[in-house]
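# Survey of secondary and tertiary structure
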Amino acid sequence: MPAMPPKLVPQRLDTAPLREFTARFASAEEVATWDARVTANPNGGNLLQSEAFAEVKQHYGWKPLHLVYETADYTSYNLVLEKSFPVLGKLWYMIKGPGVASVEDIPGIAKANADFVKRARLGVFAIKIEPDVVLSDDARRVIAGAGLVKTHNLQPNDSTALLDISPEENQLLRNLHSRGRNAVRRAIREGVEVHNVEPTEENFRAMYGLMSTTVEAKSQVRVRDFGYYQRFWTNFLKRGQGRLLFVYENGVPSVGAFVINYGRKGTYKDGGSLQQRGQYGDSHLVQWTAINQLKELGCTEYDFCGTPPSDKLKDTSNPFHGLGLFKTSFSKTVTDFVGCYDQVLSPLKYKAWTAAGERVARQLYTRRTGQQFY
């Protein structure tokens, strides 16, 4: 009797065969070396997958889980945030993950999720994912083909300005948008000084005040409470993954920025400034200083962390319009990512979640704690 032909894995004509993945929880040893593993992911990892961020979220209603995907070519380490709900079961939020080599790996990840949840009887009714995959028609098609459902985006940098900071300093300055380059040069010429400051409560409160004023004035977005940011900044600083920079005017902080180095990626996570200032280009020089400091730490990319989508940059009604103008004065383009998708594991429970469960859960949590749900 002739041998049975090997089982074929469905594939697109213009790509390699789809990878098959298995999923499991990380070992204690893997969790102990978590950041090194995440930053070795094919996409370089993301700060919201970090040990520091996991510790923050466990104080705000989430249970951090450490999920590992394995395939023949690579292993991917991913933070999952879990919440449990009566009747429905568990919701997983794979914040800024999974870390994959390409969008073509999402179907294999989705299958591994379904197999793992069923095999281990984990009681998960849906998984939110938001991979760092650049938006395109092809990416949409691949993700939809995996059965995932597009839902509202949760992170501010699902559209963002990215800057390649690998060139040497003079070339990097020439690569900036002319608006940003001219502002940096003028600030340097006029003697503006940028200071790295200590992680004291006084400096944190000054930073929070600058940030609250700017974000609420320019984007109408409500910031989280001071305690959240204090814990967040402290966690990254004590791991050597963050730094706080100020410019002073008349003896008080006038511009502030909190930036993060995580693997090869630098991120302008939080920032703010006084609305009335006399030093031209001060906020641009803060960014330029941060970029060069993170270059020295090995970062090759800088994320300005949030702009309007690329097709809405000129829309003055967009809540991020003002912030987008500043950030695109460095990088000439905006990168749109695919955003958030839901993998539905229990259709009936997911239907109840989308019909009313999510809205009620968010309202109850915010009413009880005063905090944002996600």
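Residues numbered from 1 in each chain as written. Predicted model: local features only at pLDDT ≥ 70, side-chain atom pairs only at ≥ 80, totals over all residues. Heavy atoms only, no water.

### Brief notes about the packing of aromatic side chains
Evaluated as defined, the whole model comprises 26 aromatic pairs. Centre to centre, the rings of Phe 232 and Phe 236 are 4.8 Å apart; their planes meet at 40°, and the pair counts as tilted. In this pair, Phe 232 and Phe 236 both sit in helix H9 (residues 226–238), 4 residues apart, roughly one turn of the helix. Exposure class is identical for Phe 232 and Phe 236. Each is buried. If you follow Lys 96 out to its NZ or CZ, it ends over the ring of Phe 337, 5.4 Å from the centre. (Phe/Tyr/Trp six-rings, centres within 6.5 Å; stacked < 30°, edge-to-face > 60°. Helix = DSSP H or I, 4+ residues; strand = E, 2+ residues; numbered from the N terminus. Buried < 20%, exposed > 50% of the residue type's maximum accessible area, 1.4 Å probe, protein only. Lys NZ or Arg CZ within 6 Å of the ring centre and 35° of its normal.)

### Re the nonpolar core
Within the largest apolar cluster, 47 residues are counted, with the highest numbers of intra-cluster contacts made by Phe 53, Phe 85, Phe 232, Trp 233, Phe 236, Trp 353 and Phe 373. Residue contacts for Phe 53: discarding those within four places in its chain leaves Leu 47, Leu 48, Leu 79, Leu 81, Ile 95, Tyr 228, Phe 232 and Phe 236. Counting residues in each nonpolar core, the second largest holds 28 residues, with Tyr 74, Val 80, Ala 112 and Phe 116 among its members. (Core = buried A, V, L, I, M, F, W, Y, C linked by side-chain atoms within 4.5 Å. Contact = heavy atoms within 4.5 Å.)

### Considerations on the confidence of the model for the protein chain
Summary statistics for the protein chain give a mean pLDDT of 93 and a share of 94% for residues scoring 70 or more. Low confidence marks residues 1–15, where pLDDT is under 50. Its contacts with residues over four positions away, or in another chain, come to 10 contacts. (pLDDT = per-residue confidence, 0-100.)

### Looking at the sheet that holds strand E5 (residues 124–129)
Taken together, the 7 strands give an open sheet; going across it, the order is E1-E2-E3-E4-E5-E15-E6, and neighbouring strands pair in mixed fashion. At either margin of the open sheet sits one strand with a lone partner, and together these are strand E1 (22–25) and strand E6 (149–150). (Pairing = 2+ DSSP bridges.)

### A short note on the environment of Gln 276
Here Gln 276 lies in the loop between strand E12 (265–273) and helix H10 (282–296). For Gln 276, a relative accessible area of 72% translates into the label exposed.

### Quick notes on the pairing of strand E15 (residues 341–344)
Summarising the sheet, E5 and E15 pair through 4 bridges and their orientation is antiparallel. Bridge pairing links Ile 127 to Gln 343 in E15. Direction of pairing for E6 relative to E15: antiparallel, over a ladder of 2 bridges. Within E15, the residue paired with Val 149 across the bridge is Asp 342.

### What to know about helix H4 (residues 106–119)
Helical geometry note: an α-helix holds 3.6 residues per turn, so side chains three or four residues apart project in the same direction. Taking 1.5 Å of rise per residue, 14 residues should cover 20 Å, and H4 covers 20 Å from first to last C-alpha, within 8% of that figure. Along H4, the positions that sit buried rather than exposed are Ile 106, Gly 108, Ile 109, Ala 110, Ala 112, Asn 113, Phe 116 and Val 117. On its buried face, H4 is in contact with E1, strand E2 (63–70), strand E4 (89–94), E5, helix H5 (137–145) and E15. Trailing H4 by a residue or two, Arg 121 shows a phi angle of about 50°, which is positive. (Expected span 1.5 Å × (residues − 1).)

### Examining the packing of helix H7 (residues 178–189) against H10
In the contact formed by H7 and H10, the axes pass within 8 Å of each other and the chain directions differ by 95°. The orientation of H7 relative to H10 falls into the category roughly perpendicular. Side by side, H7 and H10 meet where Gly 180, Ala 183, Val 184, Ala 187 and Ile 188 of the first sit next to Asp 282, His 284, Leu 285 and Trp 288 of the second. For the contact of H7 with H10, the class distribution of residues is 6 nonpolar, 2 polar and 1 charged. (Axes fitted to C-alpha atoms, helices over the stretch in contact; angles between N-to-C directions. Parallel < 35°, antiparallel > 145°, perpendicular 65-115°, else oblique. Nonpolar A, V, L, I, M, F, W, Y, C, P; charged D, E, K, R; others polar.)

### Topic: the sheet that holds E12
What the 6 strands build is an open sheet, ordered E8-E13-E12-E11-E10-E9; its pairing is mixed. The open sheet has two edge strands, strand E8 (162–164) and strand E9 (195–196), and neither has a second partner. When E9 meets strand E10 (residues 242–249), the two strands line up antiparallel, connected through 2 bridges. Looking at the pairing, Asn 196 lines up with Leu 245 of E10. Its contacts with the sheet place H9 against E10, strand E11 (252–262) and E12, and it is angled at close to 55° to E11.

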